[in-house]
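Descriptive analysis of the structure
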Amino acid sequence: MVDVTMPQMGVSVAEGTIVAWHVEPGDRIAADATICEISTDKIDTEVPAPASGVVAEIAVAVGETVEVGVVLARIAVGDGADARGGNGSAPAAGPPAASAPAASAPGVSAPGVSAPAAAGPAAAGPAPAGPPGEVPAAPPPAAGGNGRARRRYSPVVQRIAAEHDIDLTQVPGTGRDGRVRKPDVLAFIERAGSGVLEDPPLHIESPYRPDPTAAPSDAGGTLSRTRRQIGEHMKRSLETAATCTTWIEADMSHVEAARASLRLTALPFVARATIAALREHPALNATLEGERYTRHADINLGIAVSLGDDGLIVPVIHRAHELSVEGLSARIRDLARRARARELTPDEVRGGTFTITNPGQYGSIMATPIINQPQVGILDLEAVVKRAVVITDAAGNDAIAVRPMTILGLSWDHRALDGVQSAQFLAGIKCHLEGGTGA
């Protein structure tokens, strides 16, 4: 028996809602075929079957919200002989008492899933014995007064609607089958003239965005579930890794000139320089899980993106080493946009081998980022600030000049790396940025 569980869709995703089931108990399903659709605060996606077999049990009803890791369904692998209807034939006719054990075989009964209506003459007999007053857990969607099926909403949609006293039945949905998503609610608020939760324009220089309308938290208030989940993940990282941080300054003159001509931001240039440095220092393009240290041939670059009140997510640019600066810029914009619209797929938030975070738009000049486990390093890009610095010309003469400077911070895991490796890696990024190769 193989369990299908609610998947983890990002650092701060703690739960998900079942949107639709594509199978019923007794159905055969192939590995990787879609078994159900789920919705989280950040992603709407399909869940693939982990193995081929027969669906033995559906444990969570449509519309129910459960935590990450909860069993959604079970699949009987092999020929599925122990699953109801696995051989495609109806059960032999007989007294209800005799058929009851077969209907309640281990891993078969699925609360709330009724037998097919056209099951033959036996269907007209008494129902198999069960706990008194047992009620199906997955009835058809309830209908409203107009006869239409009741619409279901994700937790974040319900929260926003409650905060702004919105009747969700009045909000046009753009999700599957007209389902209302977070962007739909935000657009509705904007059209209504509230503007309180208007989604700010994308600022690709940094994944972090100010929230000028946020009110100070009440004294004695509690953290949100999302914030607690992020906190637990960050605390676990600090408890797991031997975290050290190294900083280096870089002259961004070449980058500033190149990005002005290409009309791009600094981030894709830094990403390109980081990729080049990871090629030269592959020890940082690695993961450490327990005592298993693995260097990766592909550079799968994570870019931290803030979702405001909904927490943080790190979309991954897989095989980033194959992309130019322009290609990286396009991918970063696309991933950030779809992250905020909750349109990322599961594969786009996992498999990262190195991460970049970029809070520099606020003018901060130095930070200590926390490593995204199980990676061994994370790069922090701070503000590009014009400062007076000493420069040396080709003849060895020193002079004072104004240059656009930035500080790059690298948090690294001392279990896998040492100070020399981290310093060499940062020096490599600096060299590519100042030499123009990052452009």
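Owing to the predicted nature of the structure, the values given are computational and were not obtained by experimental measurement.

**Here we look at the overall build of the protein chain**
Regarding its fold elements, the protein chain presents 8 helices and 19 strands. Sequence-distant contacts in the protein chain: of pairs separated by 6 or more residues, those separated by 24 or more amount to 65%. As displayed, the protein chain offers around 21700 Å² of accessible surface, 55% of which is attributable to carbon and sulfur atoms.

**Observations concerning the packing of helix α6 (residues 266–280) against helix α8 (residues 419–434)**
Across the interface, α6 lies against α8 with an axial gap of 8 Å and an inter-helix angle of 130°. It follows from the interaxial angle that α6 and α8 lie oblique. Of the two possible hands of crossing, α6 and α8 adopt the one that is right-handed. Contact residues: F269, V270, A273, T274, A276, A277, L278 and E280 in α6; F425, G428, I429, H432 and L433 in α8. Across the contact of α6 with α8, the residue classes break down as 9 nonpolar, 3 polar and 1 charged.

**Section: a nonpolar patch on the surface**
Residues W247, I365, M366 and V385 make up a contiguous nonpolar surface patch of about 360 Å² in total accessible area. With respect to the element layout, W247 can be found in strand β9 (residues 243–251). The partly exposed category is assigned to W247, whose relative accessible area is 34%.

**Notes on the environment of V68**
When you line up the elements, V68 lands in the loop between β7 (65–67) and β8 (71–77). On the basis of relative accessible area, V68 is assigned to the partly exposed category, the value being 27%. Separated by 60 residues in sequence, V68 and Q8 place their C-alpha atoms 5.8 Å apart. Contacts of V68, omitting those with residues within four sequence positions, involve M6, P7, Q8, V13, A14 and E15.

**Observations regarding the environment of D167**
The residue D167 is located in the loop between α2 (155–163) and α3 (182–191) in this model. Residue D167 is classed as partly exposed on the basis of its relative accessible area of 43%.

**Thoughts on the packing of α6 against helix α7 (residues 325–340)**
The relative placement of two packed helices is expressed as an angle between their axes plus a distance between the axes. Two elements in contact, α6 and α7, have axes separated by 9 Å at closest approach and are oriented at 120°. In this structure, the crossing between α6 and α7 has a hand that is right-handed. Each of L267, P268, F269, A271, R272 and I275 in α6 lies in contact with α7, whose residues at this interface are V325, L328, S329 and I332. Looking at side-chain class alone, the contact of α6 with α7 contains 8 nonpolar, 1 polar and 1 charged residues.

**A few points about the environment of V23**
Considering the arrangement of structural elements, one finds V23 in the loop between β2 (15–21) and β3 (28–29). Between the C-alpha atoms of V23 and C36, which are 13 residues apart in sequence, the distance is 7.5 Å.

**Topic: the sheet that holds β7**
With antiparallel pairing, 4 strands are arranged side by side in an open sheet as β5-β4-β2-β7. Of all strands in the sheet, those bounded by a partner on one side alone are β5 (44–48) and β7. For this sheet, the mean inter-axis angle between neighbouring strands, taken without regard to orientation, is 40°. Of the strand pairs in this sheet, strand β4 (residues 34–39) and β5 are connected by 5 bridges, and their pairing is antiparallel. Looking at β5, one finds that S39 is bridged to D44.

**Details of the side chain of R338**
On the secondary structure map, R338 appears in helix α7. R338 gets classed as buried once you look at its relative accessible area, which sits at 13%. Setting aside residues up to four positions removed in sequence, R338 forms contacts with E343, L344 and E348.

**Focus on the sheet that holds β3**
Taken in spatial order, the 4 strands make up an open sheet running β1-β8-β6-β3, and their pairing is antiparallel. A single partner strand is all that each edge strand has here, and the edge strands are β1 (2–5) and β3. Where β1 and β8 come together, 4 bridges link them in antiparallel fashion. Considered in β8, the bridge of V2 is made with I75.

**With respect to the nonpolar core**
One recurring pattern in soluble globular proteins: nonpolar side chains tend to sit buried together. If you look at the biggest cluster of nonpolar residues, it comprises 69 residues, and the most contacted ones within it are I35, L408 and L433. Broken down by element, this core gets its largest block of residues, 9 residues, from α6. Aside from chain neighbours lying at most four places away, what touches L408 is T246, W247, I248, A250, L379, D380, L381, L426, I429 and L433. Core analysis: the second largest hydrophobic core is formed by 12 residues, I160, A161, V180 and V185 among them.

Rules and cut-offs
Residues numbered from 1 in each chain as written. Predicted model: local features only at pLDDT ≥ 70, side-chain atom pairs only at ≥ 80, totals over all residues. Heavy atoms only, no water. Helix = DSSP H or I, 4+ residues; strand = E, 2+ residues; numbered from the N terminus. Contact = heavy atoms within 4.5 Å. Areas by Shrake-Rupley, 256 points an atom, 1.4 Å probe, with all protein chains shown as cover. Axes fitted to C-alpha atoms, helices over the stretch in contact; angles between N-to-C directions. Parallel < 35°, antiparallel > 145°, perpendicular 65-115°, else oblique. Left-handed = near helix turned anticlockwise from the far one by under 90°. Nonpolar A, V, L, I, M, F, W, Y, C, P; charged D, E, K, R; others polar. Patch = residues over 30% accessible without salt bridge, like charges linked within 9 Å, V, L, I, M, F, W, Y side chains within 5 Å. Salt bridge = Lys/Arg side-chain N within 4 Å of Asp/Glu carboxyl O. Buried < 20%, exposed > 50% of the residue type's maximum accessible area, 1.4 Å probe, protein only. Pairing = 2+ DSSP bridges. Core = buried A, V, L, I, M, F, W, Y, C linked by side-chain atoms within 4.5 Å.

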